[in-house]
Amino acid sequence: MSDTKAVNKALFDYLLWLGDNSLILGHRLSEWCGHGPILEEDIAITNIALDLIGLSRLYYTYAGELEGKGRSEDDLAYLRDVMDFKNSILAEQLNGDFANTIMRQFLFTAFSYHLQNAMLTSTNEQLRAIAEKAIKETTYHLRHCSDWIIRLGDGTEESHKRVQDAVDNLWMLTDDLFEPMESDKLLIAEKIAPEMGAIRKQWDATIKQVLDEATIKTPEPSYMMKSGRKGIHTEHLGFLLAEMQFMQRAYPGAKW
Amino acid sequence: MATKEQILDYLQEVFDPEVPVLSVVDLGIVRKIEIDAEGTHITITPTYTGCPAMNVIEEDIRAKMKEKGISSFDIKTILSPAWTTDWISEEGKQKLKDYGIAPPEKSSPDKGLLSNHAKVLKCPRCGSMNTEMKSFFGSTACKSLYVCNDCKEPFDYFKCL
Ligand SMILES: [Zn+2]
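Chemist: Looking at this structure, I do not really get helix 1 (residues 4-11) of chain B. What am I missing?
Modeler: What sets the pattern is the α-helix's 3.6 residues per turn: residues three or four places apart point alike. Residues and elements named next belong to chain B. Of all the residues in helix 1, the buried ones are Ile 7, Tyr 10 and Leu 11. Each buried residue of helix 1 lies within a common arc of 100° when the element is viewed along its axis, so the set occupies one face. Taken together, the buried residues of helix 1 touch strand 1 (30-36), strand 2 (39-44) and helix 2 (53-67).

Chemist: What exactly am I supposed to notice about the side chain of Asp 184 of chain A here?
Modeler: For Asp 184 of chain A, the position within the fold is in helix 9 (residues 184-189). Engagement of the side chain of Asp 184 of chain A in a polar contact is seen with the side chain of Arg 229 of chain A, the distance being 2.7 Å.

Chemist: Looking at this model, I keep getting lost on the coordination of the zinc ion. Mind explaining?
Modeler: Coordination angles at a metal have ideal targets, namely 109.5 degrees for four tetrahedral donors and 90 or 180 degrees for six octahedral donors. All names here are of chain B. Surrounding the zinc ion are the protein donor atoms Cys 123 (SG), Cys 126 (SG), Cys 148 (SG) and Cys 151 (SG), at 2.3 to 2.4 Å. In this structure, the zinc ion is coordinated by 4 donor atoms arranged in tetrahedral fashion, with angles at the metal of 105 to 114°. Summarised as a motif, the one-chain spacing of the donors to the zinc ion is C-x2-C-x21-C-x2-C. Remark: Cys 148 occurs in strand 6 (residues 143-148) and Cys 123 occurs in the loop between strand 4 (101-102) and strand 5 (131-135); sequence separation between them is 25 residues. For the pair Cys 123 and Cys 148, one class covers both residues: buried.

Chemist: Which parts of the structure should I look at to understand the domain arrangement of chain B?
Modeler: Note on interface size: it is often stated as the accessible area lost on association of the parts. Residues and elements named next belong to chain B. Domain annotation of chain B identifies domain 1 (4-83) and domain 2 (90-158). With centres defined by C-alpha atoms, the gap from domain 1 to domain 2 works out at 26 Å. Taken together, the contact pairs 9 residues of domain 1 with 10 residues of domain 2. The contact between domain 1 and domain 2 buries some 880 Å² in all, and 73% of this surface belongs to carbon and sulfur atoms. When the area that domain 1 buries against domain 2 is broken down by residue, the three leading residues are Val 19, Val 21 and Tyr 48, summing to 46%. The interface formed by domain 1 and domain 2 holds 1 salt bridge in total. Between Asp 26 and Lys 95 there is a salt bridge whose closest N-O contact spans 2.5 Å. Scanning the region where domain 1 abuts domain 2 turns up 1 residue pair in polar contact (both at pLDDT 80 or more).

Chemist: Explain the interface of chain B and chain A here, please?
Modeler: Across the contact, 31 residues belong to chain B and 30 residues belong to chain A. Connecting chain B to chain A are 0 salt bridges. Its residues assigned to classes, the side of chain B that touches chain A shows 14 nonpolar, 13 polar and 4 charged.

Chemist: How do you make sense of the packing of aromatic side chains when you look at a structure like this?
Modeler: In this description, a pair of aromatic rings is defined by centroid distance and the angle of the planes. For the structure shown, the criterion picks out 13 aromatic pairs over all chains. Aromatic pair Phe 136 of chain B and Phe 137 of chain B: ring centres 5.3 Å apart, planes at 85°, arrangement edge-to-face. Residue Phe 136 of chain B is classed as buried on the basis of its relative accessible area, which comes to 11%. Across from the ring centre of Tyr 140 of chain A, 5.8 Å away, lies the NZ or CZ of Lys 159 of chain B, which sits over that ring.

Chemist: Even after reading the chapter, I still don't get the pattern of salt bridges, so can you show me in this structure?
Modeler: As a working rule, side chains carrying opposite charge can pair if their charged atoms are close by. Residue and element names in this part refer to chain A. Within this structure, the stated rule accounts for 23 salt bridges over all chains. Across the pair Lys 185 and Glu 182 runs a salt bridge whose closest N-O atoms are separated by 3.0 Å. Neither Lys 185 nor Glu 182 differs from the other in exposure class; each is exposed. The partner of Lys 208 in a salt bridge is Asp 212, and the shortest N-O contact between them spans 2.8 Å. Taken as a pair, Lys 208 and Asp 212 lie in helix 10 (residues 196-213) at a separation of 4 residues, close to a single helical turn.

About the thresholds
Residues numbered from 1 in each chain as written. Chains lettered and ligands numbered in written order. Predicted model: local features only at pLDDT ≥ 70, side-chain atom pairs only at ≥ 80, totals over all residues. Heavy atoms only, no water. Buried < 20%, exposed > 50% of the residue type's maximum accessible area, 1.4 Å probe, protein only. Helix = DSSP H or I, 4+ residues; strand = E, 2+ residues; numbered from the N terminus. Arc of directions from axis to C-beta. Contact = heavy atoms within 4.5 Å. Polar contact = N/O pair within 3.5 Å; in protein donor to acceptor, adjacent residues only side chain to side chain. Donors = N, O, S within 2.8 Å, 3.2 Å for Na, K, Ca; no water. Tetrahedral: all angles 85-135°; square planar, octahedral: opposite > 155°, others 65-115°. Domains from an automatic or database assignment. Buried area = accessible area lost by both parts, 1.4 Å probe. Salt bridge = Lys/Arg side-chain N within 4 Å of Asp/Glu carboxyl O. Nonpolar A, V, L, I, M, F, W, Y, C, P; charged D, E, K, R; others polar. Phe/Tyr/Trp six-rings, centres within 6.5 Å; stacked < 30°, edge-to-face > 60°. Lys NZ or Arg CZ within 6 Å of the ring centre and 35° of its normal.

And the structure:
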């Protein structure tokens, strides 16, 4: 017999992790609004940002219900402090140039895609429903980023260099995507959440396939930063939250 | 008390704010209408998770029900089964075309996972097949941007989901 309370707490933490990943990356992408390299890409990035923010709302709403303390999606997004955020450090990184943004997006989206795919068979009905909804959009996002990586990597000398630099710089943050928490074991035992090992293998294959086609070298294993889920973040997240949470902090309870 | 058919008729008068020729019924987001002793229960499903129109649509349904004198009703949102463009009615597809938006093709699992291959589409304005995709992501989450190489007009394609 498993302890329902412990499982629910583990699931709550898991949902926050999923929601934070989606919200923080979505917010980062939204910073491109009006600054895209070309109009079509400006629109594409902001479309993806909207999908991600929409997805975070689903996770937060469910997390709030599960917690049963009456916290809404907005409370979870706007009224938690930086150390309470569980997102991967990859998601919070600065946009940098377009190659960096699209590489960050590609590394993350390939991860989301395989994770959501595995969650289609979760024993948790709500998680399954969210995955079923999200994966259709994630598939489009993955194609979009892959296209760019290949086009830029296999492009000019300058674009190739920028894409290679981007993956070299971001690589040390990629293990953090897969970093489990002790409490995940409860969810894996109940087949609510998938094991990370299989997802890691699929991710490795997708990344390699696209980078190869883009004539980009997959970086060698090296030092990896892994702390996002524990709430230990890079300096960038605090600044992001300061802007994102400003309205609710300055005018608590403000509504549209 | 209004019947299911009447409620459906009322919902035909609620339009998607982003594609104002399609009603929420044409769009296939009304999944269920139930009427029992407690009132009318309407179940809807979102098109895209981040679609900003969903809140407006819910508000508009509320306003329409009130306008029609339906006082006890609730609106429930479900995620599963996930919305697909296949649920857009034939009538809806025709309305899209008349409005200048190329309707979605049948949602086959679209080609390879890792690469976009644009579909060959017919220009909704002049009927030419000599068209090309300019951007997979268009003016709203549900559309892609195309241009017709013959009549030179850009047009939206309601992409498959
Ligand atoms: Zn034409």
